[in-house]
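A look at the structure
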Amino acid sequence: VRRVPVCRWPDTVLSTDIRCLYVVGGNYLNTGSDVGKSIAAFAKTEFSVCHELFLTPTARHSDVVLPVTHFLEREDVVFPAENSMYYSAQVADPAGSARDDFDIFADLAGRLGFGDSYTKGLSSSAWLAALLDESEIPDVAEFRRTGMFHRLERHRTAFSDFVADPAGNALSTPSGRIEISSGRYADLGFPAYPTYRGFAGDPEYPINLVTPHARFRVNSQNTNIDWFARREVPELTMHAEDAQARGIPDGASVMVFNDRGKVIVPVRVGDGIMPGVACLPAGAWLELSDDGIDKGGCPNMLTSTEPTLPSKGPRTHSVAVEVKLAE
């Protein structure tokens, strides 16, 4: 197994001999950086498969879409951020030919000759029962009835073991302690202590675009549901000074663009955002026109796969763009 930073997967596909893409549990052609590059990566491969409930942009660019069950169509357990476990009951039969991810993988493993080693002879329900039997839950039947189990130390405290006994529970840093000034970090070519690096910007693209989460979407989920879509219409927010300098009135249709892509959306002009900054919430589904312009309001047409360094995380709040009235 080889891993790459999530924001660099299209660069990896385009620069290597990867011939197949298999996508489960994600809408990469919407939530991934530089959607245009990601589309090129899909086009380069010989075969692409996607597990999905809906015809998302990623599903539309896949050769095969395997329909999977909704969480209400299967039994499962959920691990939240807190120190708890939730039970997710099945309340409806799967629609059409939808199947659980596990069952699809089990069949594929069987065709590839390692079905028994994958399933260990257990079905998905048997695996779930085994998981619950081996857990700390004292009464599994009660857990299934109530749907919740909370440990006594429900809310975790970061580094609690270290705080209680720094010598006996040393951290993985060279000193074994929390390091505000890090020599290891400095060895990578960065300042040894936290500093603000600033936003370099670009004279050709002087607006800094930020892409926060939307109020009525969970990443790209809910875009295709009318109730949510009517309450979360994609629009760009920009400061009145920037809009006036470009001859852009409030409510106009604008093109947001850079050397990676173009997006056409309505604009809201006001003083609730800093001059030099614009905001387009993340998640709206891609709607590409024949000339390659997105009219769905997907900001990842504009973001870059160049990661933050040295952590190599996505860099979606420092995107240099320009804005003009749409023709």
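The structure reproduced in this document is the subject of the present report. (Residues numbered from 1 in each chain as written. Predicted model: local features only at pLDDT ≥ 70, side-chain atom pairs only at ≥ 80, totals over all residues. Heavy atoms only, no water.)

**What to know about the pattern of salt bridges**
Counted only if it meets this: By definition here, a salt bridge exists when the distance from a side-chain nitrogen of Lys or Arg to a carboxyl oxygen of Asp or Glu is within 4 Å. For the purposes of this entry, the term helix denotes a DSSP run of H or I that reaches at least four residues, the term strand denotes a run of E that reaches at least two, and both are numbered from the N terminus. Buried means the residue's accessible area, taken with a 1.4 Å probe over protein chains only, is under 20% of the maximum for its type, while exposed means over 50%, and partly exposed covers the values in between.
Applying the stated criterion across every chain yields a total of 13 salt bridges. Asp 11 is paired through a salt bridge with Arg 8; the nearest N and O atoms lie 3.2 Å apart. Between Glu 235 and Arg 268 there is a salt bridge, with its nearest N and O atoms 2.9 Å apart. Here Glu 235, found in the loop between helix H11 (226–231) and strand E8 (236–239), pairs with Arg 268, found in strand E10 (residues 262–270); they are 33 residues apart in sequence, far enough to count as distant. Overall, the relative accessible area of 48% leaves Arg 268 in the partly exposed class. Within this structure, Arg 8, Asp 11 and Lys 37 form a network of salt bridges that share partners.

**Remarks on the layout of surface pockets**
Defined as follows: For cavity detection a 1 Å grid was placed over the protein atoms alone, and a set of points counts as a cavity when a 1.4 Å probe fits there but cannot get out; an open set counts as a pocket when protein lies on both sides within 12 Å along at least five of seven lines, with lining residues being those that have an atom within 4 Å of a point. Grid points are joined across faces, edges and corners, and a volume is the space filled by probe spheres set on the points. As a working rule, the residues Ala, Val, Leu, Ile, Met, Phe, Trp, Tyr, Cys and Pro are called nonpolar, Asp, Glu, Lys and Arg charged, and the rest polar, with Gly in that last group.
A volume near 1000 Å³ is recorded for the largest pocket. Listed by contribution, the elements that provide at least two residues to the lining of the largest pocket are helix H2 (28–31) and strand E2 (47–52). Broken down by element, the lining of the largest pocket gets its largest block of residues, three residues, from H2. Here the lining of the largest pocket is composed, by residue class, of 14 nonpolar, 22 polar and three charged. As a volume, the second largest pocket reaches approximately 740 Å³. Counting residues per element, the lining of the second largest pocket draws most heavily on strand E1 (residues 20–24), which supplies five residues. For the lining of the second largest pocket, the residue count by class is 14 nonpolar, two polar and two charged.

**Re the side chain of Asn 30**
Applied cut-off: In this analysis, two residues are considered to be in contact whenever any of their non-hydrogen atoms come within 4.5 Å of each other.
Looking at the secondary structure, you find Asn 30 in helix H2. We classify Asn 30 as buried; its relative accessible area is 0%. Excluding its chain neighbours within four sequence positions, the residues that come into contact with Asn 30 are Val 35, Pro 57, Ser 220, Gly 283, Ala 284, Trp 285, Leu 286, Cys 298 and Asn 300.

**What to know about the environment of Ile 178**
Assignment of secondary structure puts Ile 178 in the loop between helix H9 (160–164) and helix H10 (183–186). If we skip the residues at most four places from it in the chain, Ile 178 touches Phe 162 and Leu 171.

**Here's the deal with the sheet that holds strand E5 (residues 84–88)**
The criterion, for reference: Whether two strands pair comes down to DSSP finding at least two bridges between them. Here the axes come from fitting lines to C-alpha atoms, over the contacting stretch only for helices, and the angles between their N-to-C directions go from 0 to 180 degrees.
An order of E4-E5-E6 is seen for the three strands of this open sheet, with the pairing classed as antiparallel. Looking along the sheet, the strands with just one partner apiece sit at the ends: strand E4 (76–78) and strand E6 (148–150). Strand-to-strand twist across the sheet, computed as the mean angle between neighbouring axes with direction ignored, equals 20°. Pairing of E5 with E6 involves three bridges; the strand directions are antiparallel. Residue Met 85 lies in a different strand from E6, and its bridge partner there is Phe 149.

**As for a nonpolar patch on the surface**
Short version of the rule: Exposure above 30% relative accessible area and no salt bridge define the residues that can form patches, which grow by joining like charges within 9 Å and nonpolar side chains of Val, Leu, Ile, Met, Phe, Trp and Tyr within 5 Å. Areas reported as accessible are Shrake-Rupley estimates using a 1.4 Å probe. Residue values count occlusion only from the protein chains shown.
On the surface, Tyr 22, Val 24 and Leu 108 cluster together to form a nonpolar patch covering roughly 210 Å² of accessible area. Relative to the helices and strands, Leu 108 resides in helix H5 (residues 101–111). We classify Leu 108 as partly exposed; its relative accessible area is 32%.

**Overview of H5**
Restricting attention to buried positions, one finds in H5 the residues Phe 102, Ile 104, Ala 106 and Ala 109. As for H5, its buried residues are in contact with E1, E2, strand E3 (64–67), helix H6 (115–119) and helix H7 (124–133). Positioned one or two residues after H5, Gly 113 has a phi angle of 95°, which is positive.

Any functional reading would require information that these geometric values do not contain.
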